[in-house]
Amino acid sequence: MHIEWSTFFIQIVAFLILYVLLSKFAFGPLFGMMEKRRQLVKEQIQTAEDSRKLADQLLEEQKQALQQTRKEAYEIIEQAKQTGSKQADDIIHAAGAEAVRLKDEALKDIENEKAKAIASLRSQVGAMSVLIASKIIEKQIDEKSQEELVEHYLKEVGGNV
């Protein structure tokens, strides 16, 4: 193998000229576009990372807000239960008090009616006693007739009461 030095140097000079031309007109803009593309991808990755962090933060805030809302709803439900229970107790207590009051009034009415009945009975018995006494005085009867007369008047008093 024999090397031709003149062709070798011409090829090296041509290669260097081509390399310089490519560096100035092709590699510069190509590397510039690649750098812009790299910057764009880097910015998009950073934006995506920021968006993800923001989304995570918003998600956490919403979870906390939801948890707080659930807690408040539970407290409202518990308060409503307590209020309902208290109202039920108040209603039961008021109904019990009303029942006691009505019972007391009924007992008073019964006592009043009983007193009236006793008073009426006493006046009727008194009147009957006077009537019996007057009949006995008018009619001087023997003991057997007197017993029959008393039984007869007692039956009348029993029928009037």
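In what follows, the accompanying structure is described. (Residues numbered from 1 in each chain as written. Predicted model: local features only at pLDDT ≥ 70, side-chain atom pairs only at ≥ 80, totals over all residues. Heavy atoms only, no water.)

Focus on the packing of aromatic side chains
Working step 1: Tallying each qualifying case throughout the model produces five aromatic pairs.
Working step 2: When the centroid spacing of 5.7 Å and the interplanar angle of 90° are considered together, the rings of W5 and F8 count as edge-to-face. In this pair, W5 and F8 both sit in helix α1 (residues 5-138), three residues apart, roughly one turn of the helix.
Working step 3: Taking the relative accessible area as the measure of exposure, W5 reaches 52% and is therefore exposed.
Working step 4: For the ring pair F27 and F31, a centre distance of 5.9 Å and an interplane angle of 25° mean the geometry is stacked. With F27 and F31 both in helix α1, this residue pair falls four residues apart, about one helical turn.
Working step 5: For F27, a relative accessible area of 28% puts it in the partly exposed group.
Working step 6: Accessibility expressed as a relative area gives 53% for F31, which makes it exposed.
Working step 7: Put simply, the rings of W5, F8 and F9 touch in pairs and so form one group of aromatic residues. (Phe/Tyr/Trp six-rings, centres within 6.5 Å; stacked < 30°, edge-to-face > 60°. Helix = DSSP H or I, 4+ residues; strand = E, 2+ residues; numbered from the N terminus. Buried < 20%, exposed > 50% of the residue type's maximum accessible area, 1.4 Å probe, protein only.)

With respect to a nonpolar patch on the surface
Working step 1: Residues I3, W5, F8, F9, I12, F15, L16, Y19 and V20 make up a contiguous nonpolar surface patch of about 950 Å² in total accessible area.
Working step 2: Looking at where Y19 falls in the secondary structure, it is placed in helix α1. (Patch = residues over 30% accessible without salt bridge, like charges linked within 9 Å, V, L, I, M, F, W, Y side chains within 5 Å. Areas by Shrake-Rupley, 256 points an atom, 1.4 Å probe, with all protein chains shown as cover. Salt bridge = Lys/Arg side-chain N within 4 Å of Asp/Glu carboxyl O.)

Examining the pattern of salt bridges
Working step 1: Per the counting criterion, the structure on display carries eight salt bridges.
Working step 2: A salt bridge links E78 to K81; its shortest N-O distance comes to 3.7 Å. One end of the pair, E78, and the other, K81, are both in helix α1, three residues apart, so they sit about a helical turn from each other.
Working step 3: Residue K81 is classed as exposed on the basis of its relative accessible area, which comes to 51%.
Working step 4: E113 is the salt-bridge partner of K116, the closest N and O atoms lying 3.9 Å from each other.

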